[in-house]
Amino acid sequence: MSGPYDLHCHSATSDGHLAPTEVVARAAGLGLAALALTDHDTVAGVAEAQRAAASYGLRLVPGVELSVLWQRRTLHVVGLGVDPQEPGLQAGLAQMQRARQERGEAIGERLEQAGLSGARAGARAVAGSADITRAHYARWMVASGQVRGFEEAFKRYLRQGRVGYVPGDWVAMEQGIEWIRGAGGIAVLAHPLGYGLTGAWLRRVLDAFTAAGGGGMEVACGSSPEPRQVQRLGGWCRRYGLLASAGSDFHAPGDLSSRELGAAPALPGDLPRLLDALP
Ligand SMILES: [Zn+2]
Ligand SMILES: [Zn+2]
């Protein structure tokens, strides 16, 4: 198939701003032919997105984005084409959500001890029915005037080394890949330039990722839109024989820290497209 598409985005089921139906409507309005909904550690929005996509004639790829640990670093692995009902994946995601809930609470406790009273209740209100994440704390801090912007919330309070940082108790990368593959999906290394890794470390990640059954990597990312970055990622993708994915990592309309749906740069034409390998 051809036409613009997007294989990485978030709804309010995790830390995005729009309901799954609204994300799909936005994608259809932008003329996308295919969309993968890849919420953090949950597939709870997929059924709603599928119903909406059917009404627009848009192809919806069921997806998820897992936070995983490798060598004590947190990496993100997107699973595309997963069966959301598969029991192994369901059990794995339930485990991830417990870890996420505990982390969300622990962050709130630390922030309140540091003088940000009302942090937990505030983030809870922002998150609605979703599990509380750092992004929800950041949005509460912005809305309540504690910081001037989303980025500042991370810089001052939430990133590694700051008072509100709590390391995630995520599963091993190999386990996350196993859950995705067990559910019939393709495991994709998300935004590979987003971890601050040197080329040597990225090579180690890709060695381990491919050995564990990883099948694709994001070459065209909303967060690495420069042609130089796409070329660099394309080179790794070729070297490791992976399928090339493209995704914006959209979270919210007009959000300066994220991209619009479908706004990832174009993939180098010689790379095998992950989209074509999906059922
Ligand atoms: Zn991510
Ligand atoms: Zn994401």
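Residues numbered from 1 in each chain as written. Chains lettered and ligands numbered in written order. Predicted model: local features only at pLDDT ≥ 70, side-chain atom pairs only at ≥ 80, totals over all residues.

*Asks:* I tried to follow the overall build of the chain on my own but got confused; where do I start?
*Replies:* When helices and strands are tallied, the chain shows 10 helices and 8 strands. In terms of overall dimensions, the chain is globule-like: its C-alpha atoms have a radius of gyration of 18 Å, near the 19 Å expected for 279 residues. Taken along its principal axes, the extent of the C-alpha atoms in the chain is 55 × 45 × 40 Å. Contacts spanning at least 24 positions in sequence make up 72% of the contacts within the chain whose residues lie at least 6 apart. (Helix = DSSP H or I, 4+ residues; strand = E, 2+ residues; numbered from the N terminus. Rg over C-alpha atoms; globule rule 2.2 N^0.38 Å. Contact = placed C-beta atoms within 7 Å.)

*Asks:* Any chance you could explain unusual backbone geometry here in plain terms?
*Replies:* What is expected of a backbone is that most residues other than glycine have negative phi and most peptide bonds are trans. Although it is not a glycine, Gln71 sits at a positive phi angle of roughly 50 degrees. With respect to the element layout, Gln71 can be found in the loop between strand S3 (59-70) and strand S4 (73-80). C-beta crowding within 10 Å serves as the criterion here: with 10 such atoms nearby, Gln71 is assigned to the exposed category. The phi angle at Asp249 is positive, at roughly 65 degrees, despite the residue not being glycine. Its location among the elements puts Asp249 in the loop between strand S8 (243-247) and helix H10 (274-277). (Buried ≥ 20, exposed ≤ 12 C-beta atoms within 10 Å, placed from the backbone.)

*Asks:* What am I meant to see in the nonpolar core here?
*Replies:* Among soluble globular proteins, nonpolar side chains are generally buried collectively. Formed by 80 residues in total, the largest nonpolar core has its most connected members in Val24, Leu35, Val77, Tyr137, Val188 and Val219. Each of domain 1 (5-93 + 171-277) and domain 2 (104-158) gives at least three residues to this core. Apart from residues lying up to four places away in sequence, Val188 is in contact with Val77, Val78, Leu80, Gly216, Met217, Glu218, Ser245 and Leu274. (Core = buried A, V, L, I, M, F, W, Y, C linked by C-beta atoms within 7 Å. Domains from an automatic or database assignment.)

*Asks:* Looking at this structure, I do not really get the packing of helix H4 (residues 119-127) against helix H5 (residues 134-143). What am I missing?
*Replies:* Axis angle and axis distance: for two packed helices, these are the angle between their axes and the distance between the axes, and together they describe the pair. Here H4 crosses H5 at 105 degrees, and the two axes come no closer than 8 Å. For the element pair H4 / H5, the angle class is roughly perpendicular. Between H4 and H5, the contacting residues are Ala119, Gly122, Ala123, Val126 and Ala127 on the first element and His136, Tyr137, Arg139 and Trp140 on the second. Taken together, the residues of the contact of H4 with H5 break down into 6 nonpolar, 2 polar and 1 charged. (Axes fitted to C-alpha atoms, helices over the stretch in contact; angles between N-to-C directions. Parallel < 35°, antiparallel > 145°, perpendicular 65-115°, else oblique. Nonpolar A, V, L, I, M, F, W, Y, C, P; charged D, E, K, R; others polar.)

*Asks:* Teacher, can you tell me more about the pairing of strand S7 (residues 216-221) here?
*Replies:* A regular strand places its side chains on the two faces of the sheet in alternate fashion. Most of S7 sits out of view: 6 of its 6 residues are buried. One ladder, built from 2 bridges, connects strand S6 (residues 186-189) with S7; its direction is parallel. Within the sheet, the bridge partner assigned to Leu189 lies in S7 and is Met217. Between the parallel elements S6 and S7, the chain passes through helix H8 (residues 199-211) in a crossover that is right-handed. Note: S7 against S8, 5 bridges, orientation parallel. In the strand pairing of S8, Met217 is matched with Ala244. With respect to chirality, the unit in which S7 leads through helix H9 (residues 227-240) into the neighbouring parallel S8 is right-handed. (Pairing = 2+ DSSP bridges. Right-handed = clockwise from strand over helix to strand, strands pointing away.)

*Asks:* I would appreciate a short explanation of helix H1 (residues 20-29) in the present structure.
*Replies:* Residues separated by three or four positions in an α-helix point in the same direction, a consequence of the helix having 3.6 residues per turn. Within H1 the residues assigned to the buried category are Pro20, Val23, Val24 and Ala27. Seen from one end, H1 has its buried residues packed into an arc of 95 degrees, which puts them on one side. Each element contacted by the buried residues of H1 is listed here: strand S1 (5-6), strand S2 (34-37), helix H2 (46-56) and S3. Downstream of H1 by one or two residues, Gly31 has phi in the positive range, about 85 degrees. (Arc of directions from axis to C-beta.)

*Asks:* Would you explain the domain arrangement of the chain in this entry?
*Replies:* Think of interface size as the accessible area that goes away when the parts come together; that is how it is often given. Domain boundaries in the chain define domain 1 (5-93 + 171-277) and domain 2 (104-158). Here the C-alpha centre of domain 2 lies 26 Å away from the C-alpha centre of domain 1. Taken together, the contact between domain 1 and domain 2 spans 6 residues of the former and 7 residues of the latter. Partitioned by chemical class, the residues of the side of domain 1 that touches domain 2 number 1 nonpolar, 4 polar and 1 charged.

*Asks:* Would you mind showing me how to read H2 here?
*Replies:* Along H2, the positions that sit buried rather than exposed are Val46, Ala49, Ala52 and Ala53. Along the long axis of H2, the arc covered by the buried residues comes to 125 degrees, so they all point the same way. Away from the buried face of H2 by more than 90 degrees, exposed residues Ala54 and Ser55 are located.

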